[in-house]
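Fold and geometry: a report
Each chain is listed here by its residues.
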Amino acid sequence: MRIASAEIIVTSPDRNFVTLKITTEDGITGLGDATLNGRELAVVAYLQEHVVPLLIGADAHRIEDMWQFLYRGAYWRRGPVTMAAIAAVDVALWDIKAKAAGMPLYQLLGGASRNGLLAYGHASGKTMPELFDSIRSHQEQGYRAIRVQTGVPGLKSIYGIASNDTFDANTGVRYDHEPAQRGAYPAEEDWDTRAYLRHVPTVFEAVRNEFGPELPLLHDGHHRMTPIQAAKLGKSLEPYDLFWLEDCTPAENQEALRLVRQHTTTPLAIGEIFNTQWDYQQIIREQLIDYVRSAVTHTGGISHLKKILEYAAQYQIKSGMHGPTDISPVGMAAAMHLGLAIHNFGIQEYMKHGAKTDQVFEQSFTWENGFLHPGNKPGLGVELNKDEAGKYPYEQAYLPYNRLADGTVHDW
């Protein structure tokens, strides 16, 4: 089954998305997500100039061989741009193979290991009443697990707070939880770790007092702490029984997690900025984390992330796949199929896309009682409406960055 064409589609309904569409000589199409938030056009160029010419005429059924060819054949390996491009090809080929087989993709991955995927949403607020309202709203939407992010007294604008998020200058509508601001230069936010460490435990105490002990609660430190600061936060949050503490310290320094582990039993989730199995090798082998946070989109696709999760399963480490709105519906569908099939599924991040995005990407997944299911259409269960996509051209956008009070650039 030879590849006849490969097209890169860039669209910006509620935010920028990059989609690879592969078509075989007999007309079967497959979609892959190549979105890299704030650096989308870098992946477009990599695909257009270096990958697409290699696909034409290749056998669409040889997924593993194509993965190895694109990875090893480039010589310059790893990195988010390369791995997002490879992921797009990999997922599109899995979509084609499952359509050719006439079954949903998860069936080709071994069949369902569960009936649905527990998902968590993002509750946030500058103040405690605002946060409580957000948690209640998420419960009303069916969420059974909730990530909690809040403002910190004295700081104007920080990661994860919907009320701080940006507005579409053309429509005046806020696009919550999408921090990539459209414009020619990234927004500057402020940060103070000591103020944050003082405040966060009081937030979780109040949330537990209000919502009780049963609700699974998560929190994202977003790489902003040193190892000893992360250890201090993990220990201070132990009374509130978190489902996980995410990205407590920059993940590049993997040995730092040994220190965090020595001081806290709060479960740790790491890896949304990782791209390969080699990024995880040490922290899985030494059991320094509890959840793998990578997205299919940024980690070489279904083929590669499945290998990482199978390795993690040997150490009782579970999945917690990245799933914010900068993962397109194509990438989310891939995560759902993989999560349904693997044994060591943990939880799926799920942020609902906007109405315009749902018109561009026609989807078959279901959301019921806090659980996701990818649906039973052949392939991924997602099709792209090119006419709708064409209504929303690319708009330059950047993620924010942090500065400390003295002006030093800090991890965002």
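Since the model is a prediction, treat every value here as computed from it, not as a measurement.

**Observations regarding the overall build of the protein chain**
Within the protein chain one finds 13 helices and 20 strands. Classification of the 412 residues of the protein chain by burial places 59% in the buried group. Restricting to contacts in the protein chain with at least 6 residues of sequence separation, those with at least 24 account for 71%. In the form shown here, the protein chain has an accessible surface area of approximately 16500 Å², with 49% of it arising from carbon and sulfur atoms.

**Concerning the side chain of D279**
As for its placement among the helices and strands, D279 is situated in helix α9 (residues 277-285). By relative accessible area, which is 16% here, D279 ends up buried. Of the polar contacts made by the side chain of D279, one reaches the side chain of R78; its length is 2.9 Å. If near-sequence neighbours (up to four positions away) are discounted, D279 is found in contact with R78, Q254 and F274.

**A word on the packing of α9 against helix α10 (residues 301-313)**
Two elements in contact, α9 and α10, have axes separated by 10 Å at closest approach and are oriented at 10°. Of the possible angle classes, the one that applies to α9 and α10 is roughly parallel. Here α9 contributes Q277, W278, Y280, Q281, I284 and R285 to the contact with α10, which in turn contributes H304, K307, I308, Y311 and A312.

**As for the domain arrangement of the protein chain**
Here the domain parsing of the protein chain yields domain 1 (2-104) and domain 2 (109-376). Inter-centroid distance (C-alpha atoms) of domain 1 to domain 2 is 26 Å. With both sides pooled, the region where domain 1 packs onto domain 2 buries about 2600 Å², and carbon together with sulfur makes up 58% of that total. Taken as a group, D14, F17 and D33 account for 23% of the area that domain 1 buries against domain 2, more than any other trio of residues on that side. Inspection of the region where domain 1 meets domain 2 yields 2 salt bridges.

**Considering the sheet that holds strand β20 (residues 409-410)**
A sheet is described by the order of its strands in space; here 3 strands give the open sequence β7-β19-β20, paired in mixed fashion. The outermost strands of the open sheet, each flanked by one partner alone, are β7 (188-190) and β20. Relative to β20, strand β19 (residues 401-403) runs antiparallel, the two being bridged by 2 bridges. Note on β20: the bridge partner recorded for N402 is H410.

**Section: the pairing of strand β4 (residues 117-125)**
Of all 9 residues in β4, 9 are buried; the element is thus mostly enclosed. Burial along β4 is two-sided: L117, A119, G121, A123 and G125 facing one way and L118, Y120, H122 and S124 facing the other are all buried. One ladder, built from 2 bridges, connects β4 with strand β13 (residues 348-349); its direction is parallel. When the sheet's bridge partners are listed, Y120 is paired in β13 with E349. Alignment of β4 against strand β5 (residues 145-150), held across 6 bridges, turns out to be parallel. Note on β5: the bridge partner recorded for G121 is I146. At this point the chain moves from β4, through helix α5 (residues 128-140), to the parallel β5, and the crossover so formed is right-handed.

**Concerning the confidence of the model for the protein chain**
Looking at the protein chain, the pLDDT average stands at 95 and 96% of residues meet or exceed 70. The low-confidence segment residues 167-175, where pLDDT is below 50, has 18 contacts with residues more than four positions distant or belonging to other chains.

**Side note on the nonpolar core**
I22, V89 and V292 are the most contacted members of the largest nonpolar core, which has 116 residues in total. Ranked by residues supplied to this core, first place goes to helix α3 (residues 80-101) with 12 residues. Of the residues that make up this core, three or more belong to each of domain 1 (2-104) and domain 2 (109-376). Filtering out sequence-adjacent residues up to four positions away, V89 remains in contact with L20, I22, L47, V51, L55, M66 and L70. In this structure, Y120, L218, F243 and I347 belong to the second largest nonpolar core, which totals 9 residues.

Definitions and limits used
- Every chain begins its residue count from 1, and numbering advances along the sequence as written.
- Owing to the predicted nature of the model, reporting of local features is limited to residues with pLDDT of at least 70; listing and counting of side-chain atom pairs is limited to 80 or more, with chain, interface and lining totals taken over all residues.
- With hydrogens and water set aside, each side-chain value is computed from the structure's full complement of heavy atoms.
- Segments assigned H or I by DSSP are reported as helices when at least four residues long, segments assigned E as strands when at least two residues long, and all are numbered from the N terminus.
- For the exposure calls, accessible area comes from a 1.4 Å probe over protein chains only, and a residue counts as buried if that area is under 20% of its type's maximum, exposed if over 50%, partly exposed in between.
- Any pair of residues with heavy atoms lying within 4.5 Å of one another is described as a contacting pair.
- Only the protein chains shown count as cover for residues, with accessible areas throughout obtained via the Shrake-Rupley method and a probe of 1.4 Å.
- N or O atoms closer than or at 3.5 Å make up a polar contact, with two conditions inside protein: a donor-capable atom paired with an acceptor-capable one, and, for residues adjacent in sequence, both atoms drawn from side chains.
- Here, axes are lines fitted to C-alpha atoms. For helices the fit covers the stretch in contact, and angles between N-to-C directions go from 0 to 180 degrees.
- Comment on the angle field: the value is read as roughly parallel under 35 degrees, roughly antiparallel over 145, roughly perpendicular from 65 to 115, and oblique elsewhere.
- Domain start and end points were adopted from an automatic or database domain assignment.
- Accessible area that two parts lose when put together, evaluated with a 1.4 Å probe and summed over both, is termed the buried area.
- Here a salt bridge means any side-chain nitrogen of Lys or Arg lying within 4 Å of a carboxyl oxygen belonging to Asp or Glu.
- Strand pairing is assigned whenever DSSP identifies at least 2 bridges connecting the two strands.
- Here a crossover is taken to be right-handed if, once the strands point away from the viewer, the path from the first strand over the helix to the second is traced clockwise.
- As a per-residue quantity, pLDDT reports the predictor's confidence and falls between 0 and 100.
- In these notes, a set of buried Ala, Val, Leu, Ile, Met, Phe, Trp, Tyr and Cys residues joined through side-chain atoms within 4.5 Å is what counts as a nonpolar core.

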